[in-house]
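Here is what each chain is made of, one letter per residue.
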Amino acid sequence: MQTEEKNTSKILRAEYIYSAALPEQFRQEECPRLAFIGRSNVGKSSLINSLTGRRNLARVSAQPGKTQTINYFDILFETAGGKRCSFELVDLPGYGYAKAAKSNRRQWAKVTEQFFLQEKNLRCICQLIDLRHPPLESDIAMFNWLIKNELPTFIIATKSDKLSKNNIQKNLAVIRKTLSLPADAILPYSSEKNDSRSYLLDFITQLLIE
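Starting from 1, residues in each chain are numbered consecutively following that chain's sequence as written. Local features are withheld for residues below a pLDDT of 70 in this predicted model, meaning they are given only at 70 or higher, and side-chain atom pairs are given and counted only at 80 or more; totals for whole chains, interfaces and linings count all residues. Excluded from the side-chain calculations are hydrogens and water; all other atoms, namely the structure's heavy atoms, are used.

1. A short note on the pairing of strand β6 (residues 153–158)
Move 1: Only protein chains enter the area calculation, which uses a 1.4 Å probe; residues under 20% of their type maximum are buried, those over 50% are exposed, and those in between are partly exposed. Numbering goes from the N terminus for both helices and strands, where a helix is a DSSP run of H or I of at least four residues and a strand is a run of E of at least two. In terms of residue burial, β6 counts as a mostly covered element, since five of its six residues are buried.
Move 2: Only when DSSP finds a minimum of two bridges between them are two strands counted as paired. As paired strands, strand β5 (residues 122–130) and β6 are joined by six bridges and run parallel to one another. Paired with Cys-126 across the two strands is Phe-154, which belongs to β6.
Move 3: Here the term right-handed applies to a crossover when the path leading from its first strand over the helix to its second strand runs clockwise, the strands being oriented away from the viewer. Following the backbone out of β5, through helix α3 (residues 137–148) and into the adjacent parallel β6, one traces a crossover that is right-handed.
Move 4: Both β6 and strand β7 (residues 186–188) contribute to a ladder of three bridges, which runs parallel. Pairing of Ala-157 across the sheet is with Pro-188, part of β7.
Move 5: Remark: the β6/helix α4 (residues 165–179)/β7 crossover connection has right-handed handedness.

2. Concerning the sheet that holds β6
What holds strands together in a sheet is hydrogen bonding between their backbones, with the strands either parallel or antiparallel.
Move 1: Read across the sheet, seven strands follow the order β1-β3-β4-β2-β5-β6-β7 without closing on themselves; strand pairing throughout is mixed. A strand with exactly one partner marks an edge of an open sheet, and here the two such strands are β1 (10–20) and β7. The mean inter-strand angle of the sheet, taken between neighbouring strand axes irrespective of direction, is 25°.
Move 2: Note on contacts: a residue pair qualifies if any of its non-hydrogen atoms lie within 4.5 Å across the two residues. Note on geometry: axes are C-alpha line fits, over the in-contact stretch for helices, and angles between N-to-C directions span 0 to 180 degrees. Across the face of the sheet, α3 comes into contact with β2 (33–38), β5 and β6 while running at roughly 165° to β5.

3. A word on the environment of Val-174
Move 1: Structurally, Val-174 is set in helix α4.
Move 2: Classification of Val-174 by relative accessible area gives partly exposed; the value is 36%.
Move 3: Excluding residues that lie within four positions of it along the chain, Val-174 makes contacts with Pro-134 and Pro-135.

4. Quick notes on the packing of helix α1 (residues 44–52) against helix α5 (residues 197–208)
Move 1: Where α1 meets α5, the axes come as close as 10 Å, and the angle between the chain directions of the two elements is 80°. Looking at the two axes, α1 sits roughly perpendicular to α5. For the pair α1 and α5, contact is made by Leu-47, Ser-50, Leu-51 and Thr-52 and by Arg-197, Leu-200, Leu-201 and Ile-204, respectively.
Move 2: Charged residues are taken to be Asp, Glu, Lys and Arg, nonpolar residues to be Ala, Val, Leu, Ile, Met, Phe, Trp, Tyr, Cys and Pro, and polar residues to be all remaining types, Gly included. Split into classes, the residues belonging to the contact of α1 with α5 amount to five nonpolar, two polar and one charged. An angle below 35 degrees is treated as roughly parallel, one above 145 as roughly antiparallel, one from 65 to 115 as roughly perpendicular, and anything else as oblique.

5. Details of α4
Move 1: Each helix should span, by expectation, one fewer than its residue count multiplied by 1.5 Å. Here α4 spans 21 Å end to end across 15 residues, near enough to the 21 Å set by a 1.5 Å rise per residue.
Move 2: Ile-168, Asn-171, Leu-172, Ile-175 and Leu-179 are the residues of α4 that are buried. The buried residues of α4 all sit within an arc of 110° when viewed along its axis, so they share a single face. Projecting away from the buried face of α4 at angles above 90 degrees are the exposed residues Asn-166, Lys-170 and Lys-177.
Move 3: Structurally, α4 contributes buried residues whose contacts are with β5, α3, β6 and β7.
Move 4: Ser-180, located one to two residues past α4, shows a positive phi value of around 55°. Of all possible arcs, the one meant is that of the directions from the helix axis to the C-beta atoms.

Below, the structure written as structure tokens:
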């Protein structure tokens, strides 16, 4: 995966608009949506803040499992050619949080599955996996469920700044092998350094415009 930074698309507006805890509360407005999901404490909120350039857009907490609702954000961006496009970024509850009550985990999982199966405007699901470790059982189960249901999925390997360049490549290879991924289906990302931010913005642009 090529990750060199390019000055192309840029975020003009990023605002929180709505939260849903139950399927009947899902937004019904017709607009393109991009969903982010990952294991609790994978750095999902930090990545969303990095991507949008808004430090406190998504709530960041040291305590895993804080995102317990489906949160919608309105995003407006502009391409290098000056074309503007808006979409909704959807932040989903983390999975695999062992300290949460089993009943809560089952409820979150059920609502998340219903969102994926009911949402007709979903352009892509970005599944976040911690690059420091091989995919965990919950990561593999989520990925296999998404593929089984023929949902468009892209893997983002977070916390790349915690590793050397050699270990980044080694760990990317482990994730690719574990999930049977082609090289262009996974992106290493550092929210601390904004590494690969421009690439991710370009990826989103291609999804929405091209």
